[in-house]
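Chain residues, written in single-letter form:
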Amino acid sequence: MGAFKVFKSLVVDSLDTITKGSKTYHLWMGFLTLVMLIGMYCYSIQLEEGLSATGMSDRVSWGLYISNFTFLVGVAAAAVMLVMPTYVLKDIDFKQAVLIGEGLAVAALIMCLAFVVADMGGPSVLWHMIPGIGVFNFPNSMLTWDVIVLNGYLFINISIPFYILFKHYQNKEAKKSVYVPGAIISVFWAVGIHLVTAFLYQGLQARPFWNNALLGPRFLASAFAAGPSLIILVLAVIRSFTAFKIEDKTIKKIAMIVTVAAQINLIMLVSELFKEFYAPTHHSESAYYLFFGLHGKNALLPWIWTAIPLNVLATVILTFNKFRNNLKVLYVCCFMLFVAIWIEKGFGLIVPGFIPGPYGKIVEYLPTGVEIGVTIGIWAMGAFVFTILAKTAIGIELGELRYKDKKA
Amino acid sequence: MSDNKKWYSLDLGLNNKKESSGSCGCGKSEGSCSSTPKEQVEEELSPEEFYEAAINASIGEERHRDGFEQVFDVKMDRRSAFKKLTASLLIGAGAVTTSCSVTTGSDTKEKAQIDWEEQFKGNYKLMTDEEKQGTINRLMRSYELRTDKKINMTAENAAEDVLFGYAFNISKCQGYMNCVNACVEENNQDRNSEMQYIRIHEMKDGEGFKFDKADDNYYHEVPAEGHFYMGTQCFHCDNPPCVEVCPVQATWKEEDGLVVIDYDWCVGCRYCMAACPYDGRRFNWSKPEVPEPEVNKNQHYLGNRMRKKGVMEKCTFCVQRTRKGKNPACVEACPTGARIFGNLLDPNSTIRWVLENKKVFRLKEDLGTEPKFWYFMD
Ligand code: SF4
Ligand code: SF4
């Protein structure tokens, strides 16, 4: 009963904080709401007309939605890179960053689920996928695995920070024996969500571009570069807009993670390129299409040739301590890396899987306005969710939000 | 508005009034309404339509969304509904309303009941025979309620000791595409997007099987000089990757080897499409439309019954025909005899003769999908 009362008061208090703020804050939230509304409008068009409102077709049957889904699973998984040192290795530097990281994971997961739903042809019968009520093709279908691990990860990432914040809210210390096991599970789980998502594609013998053993590991490496990059950028914003203290040391440590992951990612990219282009087979056609275009069809060239230089440049710059320790340079590099991996792991991964088709047909894919509208709307929703979570968490951590027992 | 539409879509009865004006505005021949004067009918909404229009006007588009309704999506813009509504009120449809109210109520209720049960029914694969019969009865009744036309749908299960297989004679095929057209008509495929299960690939003599150089969308006289033809469709793999990946088991392999889809259970994730190495699957990107007179009314639940938007479909070896002992439409339509279909378990079948006496091969055998579709040459 007592816990429930505290919870109620926490909800009321957090509602209070998230509705109050500076002018910039209100502008930001208003802007996000507007974008979300536009996204919803686009989605209503898609519901009305069917998926023909998107650029997808029988030949390229997954597009922007699934690309973003794939990328965001990576961002969500990256929260673990901060969880591990803080909770398990008792590294103090990460403590503040970790709450932000987990909030980011929650927002990313919500976006993932939204992208999957947006991609469905029959959202009204999605209950068919609920175990127990519907029919759940487990363990045969990797998609069911993905549903389980994503929802499990969402649960873990909500409950751990919630527990900690709930305790802090009441001015109590969070018990290590409660959250450390949870943190350890989430470490394995994060690797799991990413591998399972990679297996979703890797397991299809029909698509040689995906059906390669390096896909899973490359997913991990790129995720651990892109995710923490985003966290650094977010921390930078939080640092300049709130009183929340984040030390340079913390950011620099995360930058270290980004750098190592980006380097490993680059090595794997070289290995992949070598395999595809040194002794090209019939199966290298998708890679040819992606990097050079096939038979005059080259819609992806501008994308991939933006991504590769950004990726290489950012990785090289980050490798030098002198540049990495300069925060301005670091932020720019993180941004470059983030964009590069978004292209590479999204568009650059999903679309060429379908091109050329099973019988060599090349039909290109370009997203439509509706599709882009929905996508941007979902990103805005993610940012919205994250802002709310972060604002509450920061409020509690700064001691602005505290439970006041009326009887006491 | 409805005149220039080349497909059939139920227009609330507002525009195709004339056809249904047989006895009464409610469009029902039997029942308790017999008093409606004919002249009025053209102008008014029948009580049933009135009721529908009222629902439409109040909850609008939402109503169209629920699963089953997408099939028979009621095309109707709200403004015209209001116009008709007011008009009919002024003329005094009230009288008609009362005279027909009993029938109407039960019809609309029945429709709603059917929609409800269809939306929340289970997976066909797991249904008992009674449940299968129940759902096809509902679907037939629903079609009748909406179009006044009867269809005949069966839920025939696979027969024992039958395993269907297909063989394609590359030497004989001339690229006439009769099979493609027969397939479209037999299986009620969407006419708007020109969906086709079969693709005929035109290849150059002397270059071998160069699928990537082949043309599967030609519009010239055939057979073209120096070319040969090869057809592909769903191969009904014995180890189908598309079945493995479906998260909800909306697609599966039947006892007689047919790989089928429950269109009402599919959630439209298109994972199966990505998993198929043979380009065998087609997706309904928008609402499929077939002009009502062209609808093939001999249907099977797993075969050519009407689909809705956002679900997967594909060749079923014409389950509605083959389980009745007939050949698939493509086999029957082919003027060259290039297509051979039959029971692989029957040692006297033609298909067995082909497999035993010809040098047959299958596509992408290295993938381990075991297609039940063989190619051979004379
Ligand atoms: S050809 Fe494709 S759709 Fe048909 S059974 Fe094989 S994998 Fe499935
Ligand atoms: S599109 Fe339908 S049949 Fe195909 S995998 Fe998804 S739910 Fe199953």
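Scroll up to find the structure.
Residues numbered from 1 in each chain as written. Chains lettered and ligands numbered in written order. Predicted model: local features only at pLDDT ≥ 70, side-chain atom pairs only at ≥ 80, totals over all residues. Heavy atoms only, no water.

J.: Break down the overall build of chain A for me, with residues and values.
T.: A tally of helices and strands in chain A yields 15 helices and 0 strands. Here chain A has a C-alpha radius of gyration of 22 Å; the compact-globule value for 408 residues is 22 Å, and the two agree. Once the C-alpha set of chain A is aligned to its principal axes, its extents read approximately 75 × 55 × 45 Å. Counting over 408 residues, chain A shows a buried share of 57%. Long-range contacts, defined here as pairs at least 24 residues apart, represent 75% of the contacts in chain A between residues at least 6 apart. Treating the 30 positive side-chain charges of chain A as one cloud and the 22 negative ones as another, the clouds have centres 10 Å apart. (Helix = DSSP H or I, 4+ residues; strand = E, 2+ residues; numbered from the N terminus. Rg over C-alpha atoms; globule rule 2.2 N^0.38 Å. Buried < 20%, exposed > 50% of the residue type's maximum accessible area, 1.4 Å probe, protein only. Contact = heavy atoms within 4.5 Å. Lys, Arg positive; Asp, Glu negative; His and termini not counted. Charge placed at Lys NZ, Arg CZ, Asp CG, Glu CD.)

J.: I'd love a proper account of the pattern of salt bridges, names of residues and values included.
T.: For the structure on display, the rule yields 37 salt bridges over all chains. Note that Asp119 of chain A is salt-bridged to Arg270 of chain B, the shortest N-O span being 2.6 Å. With one member in each of two chains, Asp119 of chain A in helix α5 (residues 95-119) and Arg270 of chain B in the loop between β6 (259-261) and α10 (271-275) form a pair that bridges those chains. Using a relative accessible area of 1% as the deciding quantity, one classes Arg270 of chain B as buried. The partner of Arg307 of chain B in a salt bridge is Glu313 of chain B, and the shortest N-O contact between them spans 2.7 Å. A relative accessible area of 4% places Arg307 of chain B in the buried class. A relative accessible area of 0% means that Glu313 of chain B is categorised as buried. Several salt bridges converge on common partners, so that one network encompasses Glu117, Glu118, Lys121, Arg138, Asp262, Asp264, Arg305 and Lys308 of chain B. (Salt bridge = Lys/Arg side-chain N within 4 Å of Asp/Glu carboxyl O.)

J.: Any details on the layout of surface pockets? Residues and values, ideally.
T.: All names here are of chain A. Estimates place the volume of the largest pocket at around 1,400 Å³. Forming the walls of the largest pocket are 47 residues, and the residues nearest its centre are Trp28, Val237, Ala383, Phe386 and Thr387. Sorting the residues of the lining of the largest pocket by element identifies α2 (23-49), α3 (64-78), α5, α8 (215-241), α13 (327-345) and α15 (369-397) as the ones contributing at least two each. (1 Å grid on protein atoms, 1.4 Å probe; cavity = no way out; pocket = protein on both sides within 12 Å on 5 of 7 lines; lining within 4 Å. Points joined across faces, edges and corners; volume = space filled by probe spheres on them.)

J.: For the sheet that holds strand β11 (residues 373-376) of chain B, give the residues involved together with the corresponding values.
T.: Residue and element names in this part refer to chain B. Read across the open sheet, the 3 strands follow the order β10-β2-β11; overall the sheet is mixed. Edge strands, defined here as strands with exactly one partner in the open sheet, are β10 (339-343) and β11. Within the sheet, the average angular offset between the axes of one strand and its neighbour, ignoring direction, is 20°. In terms of strand pairing, strand β2 (residues 164-169) meets β10 through 5 bridges, oriented antiparallel. Residue pairing across strands places Phe164 opposite Asn343, the latter belonging to β10. (Pairing = 2+ DSSP bridges. Axes fitted to C-alpha atoms, helices over the stretch in contact; angles between N-to-C directions.)

J.: Which residues make up the site of ligand 1, and what are the values?
T.: Not every one of the 13 residues close to ligand 1 is listed here, only the nearest: Cys234, Phe235, Cys237, Cys242 and Cys276 of chain B. Across the shell around ligand 1, the residue classes tally to 10 nonpolar, 1 polar and 2 charged. (Near = heavy atom within 4 Å. Nonpolar A, V, L, I, M, F, W, Y, C, P; charged D, E, K, R; others polar.)

J.: Residue-level account of the packing of helix α11 (residues 301-319) of chain A against α13 of chain A, with values.
T.: If you want to describe how two helices pack, look at the angle between their axes and the distance between the axes. Residue and element names in this part refer to chain A. α13 packs onto α11 with a crossing angle of 145° between their chain directions and a minimal axis gap of 8 Å. Along this stretch, α11 crosses α13, giving a crossing that reads as left-handed. Of α13, the residues touching α11 (which contributes Trp303, Ile304, Thr306, Ala307, Ile308, Leu310, Asn311, Leu313, Ala314, Thr315, Ile317 and Leu318) are Val329, Leu330, Cys333, Met336, Leu337, Val339, Ala340, Trp342, Ile343 and Glu344. Each residue belonging to the contact of α11 with α13 can be placed in one class, and the counts come to 18 nonpolar, 3 polar and 1 charged. (Left-handed = near helix turned anticlockwise from the far one by under 90°.)

J.: Account for the site of ligand 2, naming residues and giving values.
T.: As a structural note, the neighbourhood of ligand 2 is formed by Cys246, Pro247, Val248, Thr251, Cys266, Val267, Gly268, Cys269, Arg270, Cys272 and Met312 of chain B. Along the lines of polarity and charge, the residues of the shell around ligand 2 split into 8 nonpolar, 2 polar and 1 charged.

J.: Requested: an account of the pairing of β2 of chain B, with residues and values cited.
T.: Here is the key point about a regular strand: its side chains alternate between the two faces of the sheet. All names here are of chain B. Buried residues dominate β2, accounting for 6 of its 6 residues. Burial along β2 is two-sided: the face carrying Phe164, Tyr166 and Phe168 and the face carrying Gly165, Ala167 and Asn169 are both buried. Sheet analysis places β2 next to β11, joined by 4 bridges and oriented parallel. Bridge pairing links Tyr166 to Phe373 in β11.

J.: Would you mind going over the interface of chain B and chain A in detail, with residue names and values included?
T.: With 50 residues of chain B at the interface, the matching set in chain A holds 44 residues. Buried area between chain B and chain A, summed over both chains or domains, comes out near 4,100 Å², and the portion from carbon and sulfur atoms is 54%. Contact with chain A buries surface across chain B, with Val267, Tyr271 and Trp285 of chain B losing the most and accounting together for 18% of the total. Run the count over chain B and chain A and you get 4 salt bridges. Scanning the region where chain B abuts chain A turns up 27 residue pairs in polar contact (both at pLDDT 80 or more). Those elements giving two or more residues to the side of chain B that touches chain A turn out to be β3 (199-204), α9 (241-245), α10 and β7 (281-283) of chain B. Taken together, the residues that form the side of chain B that touches chain A break down as 26 nonpolar, 10 polar and 14 charged. (Buried area = accessible area lost by both parts, 1.4 Å probe. Polar contact = N/O pair within 3.5 Å; in protein donor to acceptor, adjacent residues only side chain to side chain.)

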